[in-house]
Amino acid sequence: MSKFPFLITLTSKIEALEKALKEAEQKTAETLSFLETQRGLAGTILKSMNEGVLAVDEKGNIVLANPAIEKTFTVIEPELLGKTVRAGLRNNEIAELIEEVAKAGKTIEKEISIIVPIEKTFAAMASPLKEGEEKKGVVCVLHDITEIRKLEQYRTEFVANVSHELKTPLTSIRSYVETLLNGAINDKEHNLVFLQKIEKHALNLSQLIEDILEISGLESKAQLGPFVEIDLKKTIQKAIETIHIKADKKGIEIERKCGISGTVYVLGIEDHLYRAILNLLDNAVNYSSSGGKVTVSCSQDGKKISLSVADTGIGIPPEHLPRIFERFYRVDTARSRELGGTGLGLAIVKHVMNIHNGEVEVASEQGKGTVFTLIFPG
Amino acid sequence: MIHQNSLFDTELGELKETVLKMGILVQSLIQKSVDSLKNQDPKLAQNVIDDDKKVDQLELDIDEKCINLIALREPKATDLRFITMAMRIGTDLERIGDLAEDIAERTIELGNQPLVKPLIDLPKMAQLAQEAIALALDAFVTLNVEKARLIWAKEKEMDQLRDKVQEELEEIMAKDASTVKRALPLLLTARHLERICDHATNIAEDIIYVVEARVVKHQGKS
Ligand SMILES: Nc1ncnc2c1ncn2[C@@H]1O[C@H](COP(=O)(O)OP(=O)(O)O)[C@@H](O)[C@H]1O
Ligand SMILES: [Mg+2]
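Residues numbered from 1 in each chain as written. Chains lettered and ligands numbered in written order. Predicted model: local features only at pLDDT ≥ 70, side-chain atom pairs only at ≥ 80, totals over all residues. Heavy atoms only, no water.

Draft legend 1. Structural detail: the site of ligand 1. Residue and element names in this part refer to chain A. The immediate surroundings of ligand 1 are formed by 18 residues, with D311, S336, T342, G343 and L346 found nearest. At a separation of 2.8 Å, an oxygen atom of ligand 1 approaches a polar backbone atom of T342. A distance of 2.8 Å separates an oxygen atom of ligand 1 from a polar backbone atom of L346. For ligand 1, the accessible surface in isolation is 530 Å², of which the surrounding protein chains cover 97%. Because more than half of its atoms lie within 2 Å of the grid, ligand 1 is assigned to the second largest pocket. Listing elements by their share of the shell around ligand 1, those giving two or more residues are α11 (345-355) and β12 (369-376). Of the residues assigned to the shell around ligand 1, the class counts are eight nonpolar, eight polar and two charged. (Near = heavy atom within 4 Å. Polar contact = N/O pair within 3.5 Å; in protein donor to acceptor, adjacent residues only side chain to side chain. Areas by Shrake-Rupley, 256 points an atom, 1.4 Å probe, with all protein chains shown as cover. 1 Å grid on protein atoms, 1.4 Å probe; cavity = no way out; pocket = protein on both sides within 12 Å on 5 of 7 lines; lining within 4 Å. Sits in = over half its atoms within 2 Å of the grid points. Helix = DSSP H or I, 4+ residues; strand = E, 2+ residues; numbered from the N terminus. Nonpolar A, V, L, I, M, F, W, Y, C, P; charged D, E, K, R; others polar.)

Right, dumping it as structure tokens:
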């Protein structure tokens, strides 16, 4: 052994080296698999994102497009790679945003709308990609805000409509009050008529407010309260009792015939359901002339339970049928106002059926009558 | 196309981008103009009329780029053909922009007079016109002759739809002469859309000319 001491040193050195190499190898493998996982992870994140992610290189050619982009623009990533945004996505606004960011070297946010292949609105955010100080292109994230914008538009229109509808009776009330104050109060022949008109408009106004509150109540799902078993026949009876006075006055008969024996239960919220049925009955009476007949019936098909309100009234012209469930949509606005309508009745019915996972259908023939049917999933 | 000069390539790339930009813009104008007619939306129509100025400006940009390339870079035969093609495509796209503007003017003419019939075929024609332009742009970017040839099928379909719309409207007008004033803008729109498709076919012919170095004008139309 002592004969070749350097050999021993050498062997141990080689061993140490081997060990170090193995360790290094181990580390490299670990790092590599870590990197692999990282890349896999980044890929998975990109793939499952709802937001569209698009990256271009410093020449403006696409180097990455995630599935959300593929879906929005009905393209596949391989077809996009190496193309400019205009060539690949056929969109000027996104191309311009990316050009702007590349030039300015800073993040820019912008709202972008596309019309092809479908109309959509995006909140787009693009940032420069940098490696140190070197520019490496631009990454752009598209967040779909189509629904939010639509909802906002819807809200704005609703608010505009509501204020118009509120102003109409208010203006009338104020002008009658003014006339009374200006001396008509002593005009025995007219003062009563004026007061009756004021009362009518005030009633319209409070009905309108009630309907608006009902709608906003229906919209905030959190405040809806729990579903319970409702005795449908009982609820129908209650609604008929409410409308009876009005129907009697107009000479309209209300008939009840239920095709299901025993108690009929549906799951839901009684107050809202009652209002929906009442709205249908109210319309049936309003849009029929005296001598008419309103029939309320229910039937069962498998688990599904249907409730129909049929009248023998004026009917609805076919071109209006698709729109009557819209808020404030009326076939004849003057007539509806005269009858104390708010234009919200059917919108409420539709909403109520929505929260009950049900549907509402309508069939109508002009001059013959109309049938509204509420369908519960059972 | 092979060049030593990468600056030349960059400039050619920019020219391509500008043509694409113009193509994408006129496509959206066609969509908007017919939407404005369908929804009787004069605001949107005015929007189209205003945007047509951008189209005109882009044509000037393209011309300027092409002239500079020809004057300063003395391109070889194939490149020269490509550059002159880009100029001609610019002219066709500019005409398409004008036709979209014409449709928007029909919307304004019509105002809020009720439509004589619900618009179903005209939006279909607008869709076809856009598809034809999309194909033309595809063919332009990739110099793909097969894509260019697909445009003739679109044109054929377009002509059939135009005939159908024309017949229907003529029938409506014959039945009730008071509808003429409302039917005419729709009839004209059908013609505008058909002419848009004709311009897309022009582009296809130009592309085939560049790629195959031969004139195909009025071929394959039978
Ligand atoms: N049973 C019916 N018969 C005829 N028309 C109806 C009937 N129900 C609803 N309509 C039409 O639908 C419109 C919208 O109804 P609704 O939302 O209840 O509002 P309104 O307050 O005007 O009654 C009414 O203005 C009326 O033109
Ligand atoms: Mg009502």
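Having seen the model, we can carry on.
Draft legend 2. Structural detail: the pattern of salt bridges. Taken as a whole, this structure holds 36 salt bridges over all chains when the rule is applied. Close ionic contact of A:R327 with A:E219 constitutes a salt bridge, the shortest N to O distance being 2.6 Å. Residue A:R327 is found in the loop between β10 (304-311) and α10 (333-338), and its partner A:E219 is found in helix α7 (residues 191-219); the two are separated by 108 residues along the sequence. A:R327 sits in the buried class, given a relative accessible area of 16%. Between A:K246 and A:D282 there is a salt bridge, with the nearest N and O atoms lying 2.6 Å from each other. Taken together, the residues span a long stretch of sequence, with A:K246 in helix α8 (residues 232-250) and A:D282 in helix α9 (residues 270-286) at a distance of 36 residues. Among the charged side chains, a network of salt bridges with common partners joins A:R86, A:E96, A:E99, B:E17 and B:K21. (Salt bridge = Lys/Arg side-chain N within 4 Å of Asp/Glu carboxyl O. Buried < 20%, exposed > 50% of the residue type's maximum accessible area, 1.4 Å probe, protein only.)

Draft legend 3. A look at the environment of A:G82. All names here are of chain A. Residue position: G82 is located in the loop between α3 (77-80) and α4 (85-89). Residue classification places G82 among the partly exposed positions, given a relative accessible area of 49%. Distance from G82 to V56, taken between C-alpha atoms, is 8.6 Å for residues 26 residues apart in sequence.

Draft legend 4. The state of the cysteines, seen in detail. All names here are of chain A. Applying the stated criterion across every chain, the model contains one disulfide over all chains. Covalently, C258 is tied to C298 through a disulfide, its sulfur atoms 2.0 Å apart. Residues C258 and C298 share a disulfide whose torsion about the S-S bond is about -120 degrees; that sign makes it left-handed. You can see C258 sitting in strand β7 (residues 253-258) and its partner C298 sitting in strand β9 (residues 293-301), a full 40 residues away along the chain. Residue class for C258 comes out partly exposed when judged on its relative accessible area of 29%. (Disulfide = S-S within 2.5 Å.)

Draft legend 5. How the structure looks around the environment of B:I83. Note on placement: B:I83 falls in helix α3 (residues 77-110). The residues touching B:I83, leaving out its near neighbours within four places in the chain, are B:L12, B:L15, B:C66, B:L69, B:I70 and B:P75. (Contact = heavy atoms within 4.5 Å.)

Draft legend 6. Inspection of the packing of α9(A) against α11(A) at higher detail. Residue and element names in this part refer to chain A. Remark: α9 packs on α11, axes separated minimally by 9 Å, with the N-to-C direction vectors making an angle of 145 degrees. Two packed elements cross with a definite hand, and for α9 against α11 that hand is left-handed. Taking contact as the criterion, the partners of H272, L273, R275, A276, N279, L280 and N283 in α9 are, on α11, G345, L346, I348, V349, V352 and I355. By residue class, the composition of the contact of α9 with α11 is eight nonpolar, four polar and one charged. (Axes fitted to C-alpha atoms, helices over the stretch in contact; angles between N-to-C directions. Left-handed = near helix turned anticlockwise from the far one by under 90°.)

Draft legend 7. Region of the structure containing the sheet that holds strand β11 (residues 359-365) of chain A. Residues and elements named next belong to chain A. One open sheet holds the five strands; their spatial order is β7-β9-β10-β12-β11, and the pairing between them is mixed. Every other strand in the sheet has two partners, leaving β7 and β11 as the edge strands with one partner each. Strand after strand, the sheet turns through a mean of 15 degrees between neighbouring axes, direction not considered. By the bridge criterion, six bridges tie β7 to β9 in an arrangement that is parallel. Bridging across to β9, R256 finds its partner in V296. Helix-sheet contacts for α8 involve β7, β9 and β10, and the interaxial angle to β7 is about 170 degrees. (Pairing = 2+ DSSP bridges.)

Draft legend 8. The nonpolar core, seen in detail. Core analysis: the biggest nonpolar cluster contains 70 residues, and B:L122, B:L193 and B:I196 have the highest contact counts within it. Within the residue set of this core, elements represented by two or more residues are α1 (6-38), α2 (42-73), α3, α4 (121-142), α5 (145-175) and α6 (180-212) of chain B. Among residues more than four places away in sequence, those in contact with B:L122 are B:V34, B:L37, B:V165, B:L186, B:T189, B:A190 and B:L193. Of all hydrophobic cores here, the second largest spans 52 residues; its members include A:I215, A:A284, A:V285 and A:Y329. (Core = buried A, V, L, I, M, F, W, Y, C linked by side-chain atoms within 4.5 Å.)

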